Amino acid sequence: MQRIENIRLATMAEEDSGYGIIDDAVVIIEGKKIYWAGPEHQAPATAATDVFDGQGQLLSPALIDCHTHLVWAGSRANEFSQRLHGKSYAEIAEAGGGIASTVTSTRQASFEELLQLTEKRAKALISQGVGTVEIKSGYGLDLNNERKQLRVAREIAARLPITVKTTLLAAHALPPEFKDNADGYIDEIVNTILPTLADEGLVDAVDAFCENIGFTPAQTERVFQAAQQLNLPIKLHAEQITNQNGAALAARYQALSADHLEQLDEAGVKAMATAGTVAVLLPGAFYFLRDTQIPPIDLLRQYGVPIALATDANPGSSPIHNLPLMLQMGATLFRLTPEECLRGVTVNAAKALGIETNMGQVKEGMTANLALWDIQDPAELTYQFGVNPLTQLWLNGDVHAHADTR
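Note that the structure is a prediction, hence the values are computed from the model and not measured.

Another aspect to go through is the overall build of the protein. A count of helices and strands for the protein gives 15 helices and 16 strands. Taken over C-alpha atoms, the radius of gyration comes to 21 Å for the protein, in line with the 22 Å a tight globule of 406 residues would show. Taken along the three principal axes of its C-alpha coordinates, the protein extends 65 × 45 × 45 Å. Counting only residues that meet the buried cut, the protein has 58% of its 406 residues in that class.

A separate point is the sheet that holds strand β6 (residues 63–65). Two modes of strand pairing occur in sheets, parallel and antiparallel, and in both the strands are linked by backbone hydrogen bonds. Taken together, eight strands build an open sheet; the order of strands is β6-β7-β8-β9-β10-β11-β12-β13 and the sheet is parallel. This sheet does not close on itself; its edge strands, each paired only once, are β6 and β13 (307–309). Neighbour-to-neighbour, the strand axes of this sheet turn through a mean angle of 25°, independent of strand direction. The pairing of strand β11 (residues 257–260) with strand β12 (residues 278–281) spans three bridges and is parallel. Considered in β12, the bridge of Ala258 is made with Ala279. In the packing of helix α5 (residues 143–159) onto the sheet, contacts are made with β7 (130–136) and β8 (163–171), and the angle to β8 comes to roughly 170°.

A few words now on the domain arrangement of the protein. Considered domain by domain, the protein is made up of domain 1 (2–62 + 360–400) and domain 2 (63–352). Note on domain 1 versus domain 2: buried area summed over both sides is about 2000 Å², and carbon and sulfur give 63% of it. In this structure, the salt-bridge partner of Glu14 is Lys351, at a minimum N-O distance of 3.4 Å. Our count for the domain 1 to domain 2 interface comes out at eight residue pairs in polar contact (both at pLDDT 80 or more).

Once that is clear, we can look at the packing of aromatic side chains. Counted by the stated rule, this structure contains six aromatic pairs. Note on Phe224 and Tyr253: the rings are 5.5 Å apart at their centroids and 55° apart in plane angle, and the pair reads as tilted. One end of the pair, Phe224, is in helix α7 (residues 217–229); the other, Tyr253, is in the loop between α8 (246–252) and β11, and 29 residues separate them in sequence. Counting every residue linked through ring pairs, the aromatic cluster contains Phe178, Tyr185 and Phe215. Residue placement shows Arg121 over the ring face of Trp72; its charged tip is 3.6 Å from the ring centre. Stacked on the ring of Phe111, the Lys or Arg Arg151 has its end atom at 4.3 Å from the ring centre.

Glancing now at unusual backbone geometry. With a phi close to 60°, Asn6 is a non-glycine residue in the positive phi region. In this structure, Asn6 sits in strand β1 (residues 2–10). Owing to a relative accessible area of 40%, Asn6 belongs among the partly exposed residues under this scheme. Even without being a glycine, Gln254 presents a positive backbone phi close to 55°. With respect to the helices and strands, Gln254 occurs in the loop between α8 and β11. Taking the relative accessible area as the measure of exposure, Gln254 reaches 53% and is therefore exposed.

A separate point is helix α9 (residues 266–275). Turning to α9, its buried residues are Gly268, Val269, Met272 and Ala275. Projected down its long axis, α9 shows its buried positions confined to an angular sector of 135°, all on one face. Of the exposed residues in α9, the ones pointing more than 90 degrees away from its buried face are Ala267 and Thr274. Those residues of α9 that are buried lie in contact with α8, β11, β12 and α11 (297–302).

Residue placement: Thr46 occurs in the loop between β3 (33–39) and β4 (50–53). Residues Thr46 and Thr337 lie 291 residues apart in sequence; the distance between their C-alpha atoms is 38 Å. With sequence-adjacent residues up to four places away left out, Thr46 is seen in contact with Met1, Ile28 and Tyr35.

Time to look at the UniProt feature "binding site: N-formimidoyl-L-glutamate" (unreviewed entry) in the protein. The sites that carry the UniProt feature "binding site: N-formimidoyl-L-glutamate" (unreviewed entry) are, in the present numbering, Tyr139, Asn314 and Gly316. Maximum C-alpha separation among the annotated residues is 11.4 Å over a sequence range of 178 residues, consistent with a single clustered spot. Tracing the backbone through its elements, the reader meets Tyr139 in the loop between β7 and α5. Leaving out residues up to four positions away in the same chain, Tyr139 has contacts with His69, Val71, Trp72, Ile99, Thr102, Val103, Thr106, Glu146, Gln149, His172, Asn314 and Pro315. If you trace the backbone, Asn314 turns up in the loop between β13 and α12 (323–334). Classification of Asn314 by relative accessible area gives buried; the value is 5%. Beyond its immediate sequence surroundings of up to four residues, Asn314 is in contact with His69, Trp72, Tyr139 and Pro319.

What follows deals with the nonpolar core. Among the nonpolar cores identified, the biggest contains 97 residues, and Ile189, Leu261 and Leu281 are the most heavily contacted of them. Composition of this core by domain shows at least three residues from each of domain 1 (2–62 + 360–400) and domain 2 (63–352). Contact partners of Leu281, with chain neighbours within four places excluded, come to His260, Leu261, Pro295, Ile297, Leu300, Ile307, Ala308, Leu309, Ala310, Phe334 and Leu336. Ranked by size, the runner-up nonpolar core spans 14 residues in total, among them Ile4, Ile34, Leu59 and Leu372.

Quick look at the pairing of strand β2 (residues 21–30) now. Note on strand geometry: in a regular strand, side chains alternate between the two faces of the sheet. Strand direction decides the pairing type here: β1 and β2, joined by six bridges, are antiparallel. Bridge pairing in β2 places Ile4 opposite Val27. With six bridges joining them, β2 and β3 adopt antiparallel strand pairing. Looking across to β3, one finds that Ile29 is bridged to Ile34. Counted along the chain from β2 to the antiparallel partner β3, the turn is two residues long, and its residue Gly31 has a positive phi close to 65°.

Definitions and cut-offs
- Residues numbered from 1 in each chain as written.
- Predicted model: local features only at pLDDT ≥ 70, side-chain atom pairs only at ≥ 80, totals over all residues.
- Heavy atoms only, no water.
- Helix = DSSP H or I, 4+ residues; strand = E, 2+ residues; numbered from the N terminus.
- Rg over C-alpha atoms; globule rule 2.2 N^0.38 Å.
- Buried < 20%, exposed > 50% of the residue type's maximum accessible area, 1.4 Å probe, protein only.
- Pairing = 2+ DSSP bridges.
- Axes fitted to C-alpha atoms, helices over the stretch in contact; angles between N-to-C directions.
- Contact = heavy atoms within 4.5 Å.
- Domains from an automatic or database assignment.
- Buried area = accessible area lost by both parts, 1.4 Å probe.
- Salt bridge = Lys/Arg side-chain N within 4 Å of Asp/Glu carboxyl O.
- Polar contact = N/O pair within 3.5 Å; in protein donor to acceptor, adjacent residues only side chain to side chain.
- Phe/Tyr/Trp six-rings, centres within 6.5 Å; stacked < 30°, edge-to-face > 60°.
- Lys NZ or Arg CZ within 6 Å of the ring centre and 35° of its normal.
- Arc of directions from axis to C-beta.
- UniProt positions renumbered as here; feature names shortened; annotations may be inferred.
- Core = buried A, V, L, I, M, F, W, Y, C linked by side-chain atoms within 4.5 Å.

This is the structure:
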């Protein structure tokens, strides 16, 4: 057993709306699980083989990045530069840029090349206290290349101590071989890509991009129906650019989450609340695209929809591998409270991945994914940026890193 003592504990308890603070706390780890967590004076007597002095620092759950596209090859920095020199997104896309550019690079990259690139990105997240990450496909857009992306994600979980949840996002964009034939590509997804990769054990959830530049609600629903037949949970990129009523559609299928949501209306919020669907907000993409319409935060609060935050790490709209920065952006850009921000990358992020019974809180029976921070007030994690106060990280009960980078 391990005993972590002399800490200020942020349990992020589900029944709490704040941090769930316990002062002078102790956490006891047995194997990969939390055996006990609570005030020091109530701690059970155990024969701990390893006692760690937290020196009064703050212990929280390890962070959870519940929306990323970590597996890709190539760079879109040239497109970023072109836009700043006055070219439109349409002009860049017509010249082979945009998602098509990343699809080309990702298809050309070998499994080992993609693995090397993705491992660096995952390690960057771990160094900031992230213990769980969701990784989407969506830059392959055919069976073999979607498989390649998801296999890379599985290999990341095998190589690194981080927990990885995989999401099939084949319905991300139209591949060149299905130009002007979106329905034909949806046929390929529901008849071949999804059932094959699900049968191979590569898919934990299914996502789609429901948008005027993506797929229609009817096409999206076909993907949902196919996922439902395979007993796979769903997620959705919804209401980012226009309101397609995608969030309400996702809620009808008991979606784990609807993500982006800048254009979400009250009917969509109500549907999400009824279904228990988490709102995953992506302030990095909002910032990078210089959006001006923020998600309906007050309505989400009013109807009690859980709010999560994530990096949306991707080469086109959020080339960011820094989850703590999303806390600061969530507060500054979306006016979330510090409590909402930290809950957004712990307990609510766990709900967005369907793993809330195992992760996202510090309590008995949970996986021992824990982060120790050299701070007293948990609001510091939202207030600061450009620094890394992480001093210790436990992943699956094992000490992983000492990361004092100040």
